[in-house]
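In case you want the letters, here they are:
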Amino acid sequence: MRPVIFLVVTLLFLNCHNTGRIKAKEEKSKIADFLTVSLKTKLAEDDILEVYYSESVQTPYNNQDKVSLYVKGDSVIQKIVFRLPDRIYPMKLRIDLGSKRHETPIQLEEIVLTTGGNSRVFKFEEIKTNFRKNQYLEINPESNGYLRKLINGVYDPFILSGDLTKITVALFSEN
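Peer 1: I would appreciate a short explanation of the nonpolar core in the present structure.
Peer 2: Within soluble globular proteins, side chains that are nonpolar generally end up buried alongside one another. Counting 31 residues, the largest nonpolar core has V37, I95, I111, L113, I127, Y146 and I159 as its most contacted members. Per element, the largest residue contribution to this core is 4 residues, and it comes from strand β6 (residues 105-114). Non-local contacts of I111, meaning those with residues more than four positions away in its chain, are made with V37, S38, L39, I95, R120, V121, F122, I127, F131 and I159.

So, in structure tokens, the structure goes:
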């Protein structure tokens, strides 16, 4: 009788242990219903950064489709996370790198797009090829980043993504 009880207890333990592992794996790979855009960046002064998004490559950006964050300046690299609204599947992004007219460097180590279960990381070298800078930014040869500048009294430094359709579809797909 004792061996039978031992066998039953062992089987129950193994079953519970495996079920816990399966649930943990399912939760880890669960795709969220929203996208986050994270910047690993360093900027010395307080500023406001924004991410504009569009669900169509042809549609222009508008002020209703953006997320703004106040960022406290710091001398160390910080992670800034923009959470886009639920059920928004952006096909392109515009990342504004300041609005306070600071003509200073901004270091941009990486941009991460994630849905929880899937993510796409762009290191600075990939950012330079996958995101187009505008005239208010110069590549800073001394760091992974840009020099923000004022031109004829106008200040609007931002980078534009290329077509993100394939990346967005992959991020929101179950593997």
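Peer 1: Whenever I open this one, the sheet that holds strand β3 (residues 66-71) confuses me. Can you help?
Peer 2: In a beta sheet, neighbouring strands are held together by backbone hydrogen bonds and run either parallel or antiparallel to one another. Reading across from one edge, β3-β2-β5-β11-β8 is the order of the 5 strands in this open sheet, with antiparallel pairing throughout. Only two strands of the sheet have a single partner each, and these edge strands are β3 and β8 (131-133). Here the average twist between neighbouring strands, direction ignored, is 15°. As paired strands, strand β5 (residues 92-96) and strand β11 (residues 158-161) are joined by 3 bridges and run antiparallel to one another. If you follow I95 over to β11, its bridge partner there is I159.

Peer 1: It is not clear to me how the environment of S75 should be interpreted in this structure. Could you clarify?
Peer 2: Here S75 lies in the loop between β3 and β4 (78-83). Sequence spacing of S75 and K42 is 33 residues, and the spatial spacing of their C-alpha atoms is 6.7 Å.

Reading the values: the criteria
Counting of residues starts from 1 at the beginning of each chain's written sequence and follows it residue by residue. Where totals are concerned, whole chains, interfaces and linings use all residues; where local detail is concerned, this predicted model gives features only for residues with pLDDT of at least 70, and gives and counts side-chain atom pairs only at 80 or more. To get the side-chain values, all heavy atoms of the structure are used, and hydrogens and water are removed first. Only buried residues count toward a nonpolar core. Its members are Ala, Val, Leu, Ile, Met, Phe, Trp, Tyr and Cys residues joined through side-chain atoms within 4.5 Å. Exposure classes here rest on a 1.4 Å probe applied to the protein chains alone. A residue is buried below 20% of its type maximum, exposed above 50%, and partly exposed in between. We count a stretch as a helix when DSSP gives it H or I for four or more residues in a row; a strand needs E for two or more, and each element gets its number in order from the N terminus. Any two residues having at least one pair of non-hydrogen atoms within 4.5 Å are treated as being in contact. Following DSSP output, two strands are said to pair if at least two bridges run between them. Whenever a helix is involved, its axis is fitted only over the stretch in contact; in every case the axis is a line through C-alpha atoms, and angles between N-to-C directions fall within 0 to 180 degrees.

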